[in-house]
Structure formats: structure tokens, C-alpha cells
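What the coordinates show
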Amino acid sequence: MNTIRHNWTKEEIIALYEKPLMDLLFEAATTHRQFHNPNVVQVSTLLSIKNWWLS
């Protein structure tokens, strides 16, 4: 499935809510690996707004 769904039924939402956490994690990791290289780590830098404001 490659599309974002907006038509979830109540039964589908309840089934997802009641699914065991480890199953949800496995499905999320599987989906993530379809679109991202699992051997690459994203590095981000948090800039302080306070330091920007004072300069």
C-alpha cells in the first residue's frame, strides 16, 4: 500500500488499536525499510533560537 488512507472504518481502527505493540513495531519497521536505507543514520543539529536572537 503506497497511498495515504482517509477512509478507515471503525472496525479497522479498533483492530489496529488492539494489535500487539510488537506487531505494530514490526509492521512499521518493514514499511520504513521499503522507503529508507536501514543502514543510514540521519544526523540532525538543534540550533538554539536564543543564540540566534542575541547575535
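In what follows, the structure referred to is the one given above.
Starting afresh in each chain, residues are numbered from 1 along the sequence in its written order. Local features in this predicted model are restricted to residues whose pLDDT is 70 or higher, and side-chain atom pairs enter the listing and the counts only when it is 80 or higher, whereas totals over whole chains, interfaces and linings include all residues. Heavy atoms throughout the structure, all of them, feed into the side-chain values; hydrogens and water do not.

The secondary structure listing takes helices from DSSP runs of H or I that are at least 4 residues long and strands from runs of E that are at least 2 residues long, numbered from the N terminus. Per the secondary structure count, the protein chain includes three helices and zero strands. Counting helices and strands in the order they occur from the N terminus, the protein chain gives α-α-α. The buried share of the protein chain, reckoned over its 55 residues, is 0%. Of the roughly 6,000 Å² of accessible surface on the protein chain, a fraction of 63% belongs to carbon and sulfur atoms. Exposure categories follow from relative accessible area, calculated using a 1.4 Å probe and restricted to protein chains: below 20% of the type maximum is buried, above 50% is exposed, and the middle band is partly exposed. Here the accessible surface of atoms and residues is derived via Shrake-Rupley with a 1.4 Å probe, and residues count as covered only by protein chains that are part of the display.

Time to look at the packing of aromatic side chains. Only centres within 6.5 Å qualify two rings of Phe, Tyr or Trp (six-membered ring in Trp) as a pair; their planes then separate them into stacked at under 30 degrees, edge-to-face at over 60, and tilted for everything else. For the coordinates displayed, the defined rule picks out zero aromatic pairs. Our definition puts a charge over a ring when NZ of Lys or CZ of Arg is within 6 Å of the ring centre and also within 35 degrees of the ring normal. R5 extends its terminal NZ or CZ atom over the ring of W8, reaching a point 4.2 Å from the ring centre.

Below, the discussion takes up the pattern of salt bridges. Only one rule defines a salt bridge in this text: a Lys or Arg side-chain nitrogen within 4 Å of an Asp or Glu carboxyl oxygen. On inspection of all chains with the given rule, the structure shows two salt bridges. K19 serves as the salt-bridge partner of E27, at 2.9 Å between the closest nitrogen and oxygen. Assessed through its relative accessible area of 28%, K19 is described here as partly exposed.

Note that patches include only residues with greater than 30% relative accessible area and no salt bridge, and the join distances are 9 Å for like charges and 5 Å for nonpolar side chains (Val, Leu, Ile, Met, Phe, Trp, Tyr). A cluster of nonpolar side chains, contributed by W8, I13 and L16, occupies part of the molecular surface with about 290 Å² of accessible area. As for its placement among the helices and strands, L16 is situated in helix α1 (residues 10-18).

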